[in-house]
Amino acid sequence: MTAMLGIQFVAGIYVSSFYISEGSSFSEVLLQSASFPILTLHIVLGAATFMVSLYAFVIGAASRQKYILLVLLGLNSLCILGAGISGVFYLSTKSAVYTFGMAMFWLLAFGFIGFSQTLLRSSSKAKS
């Protein structure tokens with residue numbers, strides 16, 4: 001998850017810096033992304049990152065992890081979803097507010113997954 005978030009961050013910076021949207025709707029932008037592979041990678045990796053975060057939450061719930069861990073994993077998923085929604089709006093409007101939203105949600109997601117990993121490591125040390 002951490003590696004996916006890191007790659008997503010670098011791809012997002014590249015897209016925000018160099019991609020110029022000619023469309024006004026998200027569907028038009030998606031059609032144009034065929035000629036801009038980094039944007040396509042960014043979108044696909046964003047969807048995959050969200051799916052992995054949901055999978056981590058479901059596995060945590062199924063294995064009856066601590067409540068705080070489930071909260072952190074749930075917040076991680078919500079932040080990744082929020083970054084994706086901000087990205088959709090950014091691609092259609094090019095408003096700097098949505099770039100800020102993507103960055104803030106990414107930072108929060110990175111923090112929540114980091115706290116989750118720390119909690120898991122400390123609980124596994126306590127068991128051994």
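Residues numbered from 1 in each chain as written. Predicted model: local features only at pLDDT ≥ 70, side-chain atom pairs only at ≥ 80, totals over all residues. Heavy atoms only, no water.

Asker: When you look at the packing of aromatic side chains in this model, what are you seeing that I'm missing?
Answerer: The way to describe two aromatic rings as a pair is by their centre distance and the angle between their planes. The full count for this structure, using the stated rule, is 4 aromatic pairs. Ring centres of Tyr14 and Phe36 lie 6.1 Å apart, and the angle between their planes is 20 degrees; on these two criteria the pair is classed as stacked. In this pair, Tyr14 is assigned in helix H1 (residues 2-18) and Phe36 in the loop between helix H2 (26-32) and helix H3 (37-62), connecting sequence segments 22 residues apart. On the accessibility criterion, Phe36 (17% relative accessible area) is buried. Geometrically, the ring pair formed by Trp106 and Phe110 is stacked, given 5.0 Å between the ring centres and 15 degrees between the ring planes. Of this pair, Trp106 and Phe110 both sit in helix H5 (residues 96-127), 4 residues apart, which is roughly one turn of the helix. (Phe/Tyr/Trp six-rings, centres within 6.5 Å; stacked < 30°, edge-to-face > 60°. Helix = DSSP H or I, 4+ residues; strand = E, 2+ residues; numbered from the N terminus. Buried < 20%, exposed > 50% of the residue type's maximum accessible area, 1.4 Å probe, protein only.)

Asker: Just checking my understanding: could you explain the packing of H1 against H3 for this structure?
Answerer: Two numbers describe a pair of packed helices, the interaxial angle and the distance between the axes. Across the interface, H1 lies against H3 with an axial gap of 9 Å and an inter-helix angle of 150 degrees. The angle between the axes of H1 and H3 places the two elements in the roughly antiparallel class. Note on packing geometry: the crossing formed by H1 with H3 is left-handed. Across the interface between the two elements, Met4, Leu5, Ile7, Gln8, Ala11, Gly12, Tyr14 and Val15 from H1 touch Ile38, Leu39, His42, Leu45, Gly46, Ala48, Thr49 and Val52 from H3. (Axes fitted to C-alpha atoms, helices over the stretch in contact; angles between N-to-C directions. Parallel < 35°, antiparallel > 145°, perpendicular 65-115°, else oblique. Left-handed = near helix turned anticlockwise from the far one by under 90°. Contact = heavy atoms within 4.5 Å.)

Asker: Even after reading the chapter, I still don't get the layout of surface pockets, so can you show me in this structure?
Answerer: To find leftover empty space, one rolls a probe the size of a water molecule over the atoms. Estimates place the volume of the largest pocket at around 660 Å³. Lining the largest pocket are 32 residues, and of these Gln8, His42, Ala83, Gly84 and Met102 lie nearest its centre. Secondary structure elements with two or more residues in the lining of the largest pocket: H1, H3, helix H4 (67-93) and H5. In terms of residue count, the dominant contributor to the lining of the largest pocket is H4 (10 residues). Residue classes in the lining of the largest pocket are distributed as 22 nonpolar, 10 polar and no charged. (1 Å grid on protein atoms, 1.4 Å probe; cavity = no way out; pocket = protein on both sides within 12 Å on 5 of 7 lines; lining within 4 Å. Points joined across faces, edges and corners; volume = space filled by probe spheres on them. Nonpolar A, V, L, I, M, F, W, Y, C, P; charged D, E, K, R; others polar.)

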